[in-house]
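# Observations on chain architecture
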Amino acid sequence: MDYHSHYLRLGVNIDHVATIRNARGGYHPDPVKAAQIVADSGADGITAHLREDRRHINDRDIERLVSEINLPLNLEIAPTQEMLEIALRHIPHAVCLVPEKRTEKTTEGGLNVIHQQNFLYDFVAKLKNVGIKTSLFIEPSFDQIEASFKVKADVVEFHTGRYCDAPKEKKSIHLKQIYDAIKEANSKGLECHAGHGLDYNTVKPLIQIIELKELNIGHFLIGEAIFQGLDKVIKKMRSIIEKNRQTIVKN
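Keep in mind it's a predicted model, so treat the numbers as computed, not measured. (Residues numbered from 1 in each chain as written. Predicted model: local features only at pLDDT ≥ 70, side-chain atom pairs only at ≥ 80, totals over all residues. Heavy atoms only, no water.)

### A short note on the overall build of the protein
Tallying secondary structure elements over the protein gives 11 helices and 8 strands in all. For a compact globule of 251 residues, the expected C-alpha radius of gyration is about 18 Å, and the protein comes in at 17 Å, within 12% of that figure. Taken along the three principal axes of its C-alpha coordinates, the protein extends 50 × 45 × 35 Å. Counting all 251 residues of the protein, 49% fall into the buried class. Counting contacts in the protein only where the partners sit at least 6 residues apart, residues at least 24 apart contribute 68% of the total. (Helix = DSSP H or I, 4+ residues; strand = E, 2+ residues; numbered from the N terminus. Rg over C-alpha atoms; globule rule 2.2 N^0.38 Å. Buried < 20%, exposed > 50% of the residue type's maximum accessible area, 1.4 Å probe, protein only. Contact = heavy atoms within 4.5 Å.)

### Section: the pattern of salt bridges
Overall, the coordinates contain 17 salt bridges when judged by the stated rule. A salt bridge links Asp180 to Lys176; its shortest N-O distance comes to 2.6 Å. With Asp180 and Lys176 both in helix 8 (residues 171-187) and 4 residues apart, the pair spans about one turn of that helix. A salt bridge links Arg238 to Glu242; the shortest N-O distance between them is 2.9 Å. Taken as a pair, Arg238 and Glu242 lie in helix 11 (residues 230-250) at a separation of 4 residues, close to a single helical turn. Arg238 gets classed as buried once you look at its relative accessible area, which sits at 8%. Each member of the salt-bridge network shares a partner with another, and the members are Arg9, Lys133, Glu191 and Glu214. (Salt bridge = Lys/Arg side-chain N within 4 Å of Asp/Glu carboxyl O.)

### Some points on the state of the cysteines
Under the defined criterion, the tally for this structure stands at 0 disulfides. Lacking any disulfide linkage, Cys192 is separated from the closest cysteine sulfur, that of Cys96, by 13 Å. In this structure Cys192 comes out as buried when scored by relative accessible area, which is 1%. (Disulfide = S-S within 2.5 Å.)

### A short note on a nonpolar patch on the surface
A contiguous nonpolar patch, built from Ile20, Ile226 and Phe227 and spanning about 370 Å² of accessible area, is present on the exposed surface. For Ile20, the location among the structural elements is in helix 1 (residues 15-24). (Patch = residues over 30% accessible without salt bridge, like charges linked within 9 Å, V, L, I, M, F, W, Y side chains within 5 Å. Areas by Shrake-Rupley, 256 points an atom, 1.4 Å probe, with all protein chains shown as cover.)

Below, the structure is given as structure tokens:
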């Protein structure tokens, strides 16, 4: 089995660098500087969520990430007209469509593609027409996968929060749901990503799923960076991915 063809990308979400900045106002710490450290430390992409209320990443951050960072930008947005216009103005490498609630602390679950298929079909088409790789953040559900296939998304990113938050004795149940969902999505030609709540330990079983192409991790890495430094935690996560991926590919 060729390792290069089964390389697992690491995208790093820098939202919470901006959260710290916004807690006091001003310009420090700079999420774009964090993105440059992420790039220099061996990650494969930058993820940033531009929320409707701009609680962390703001419009100027997106402008700078596009112009100053030489890594693919995965722009997370809610499927709204305002966000569509922003995406079409900046043309990031990828857009991941996520659900958004004003009162949530973080994204609480996957996008309900089934209930808005016609709308999302048109939304996805507008992004793809200008060359933006389009992803839908969904639960590991066969019905949501089928709906994502019908709206012609390029990628599905599976919400791993329920797996990460589950007690130890129930993690295997959620892990199997993710595993089965990735197999199903891959069989339909959808590229498979995963993210939300992952850390050094919970990431390891996912690395073993050879059809998985990308992990997006943010909060844990930014939190650990306070104690160890951002470059060190990125390199450690990259090392864990490499070690576990090479083991499964060799076998």
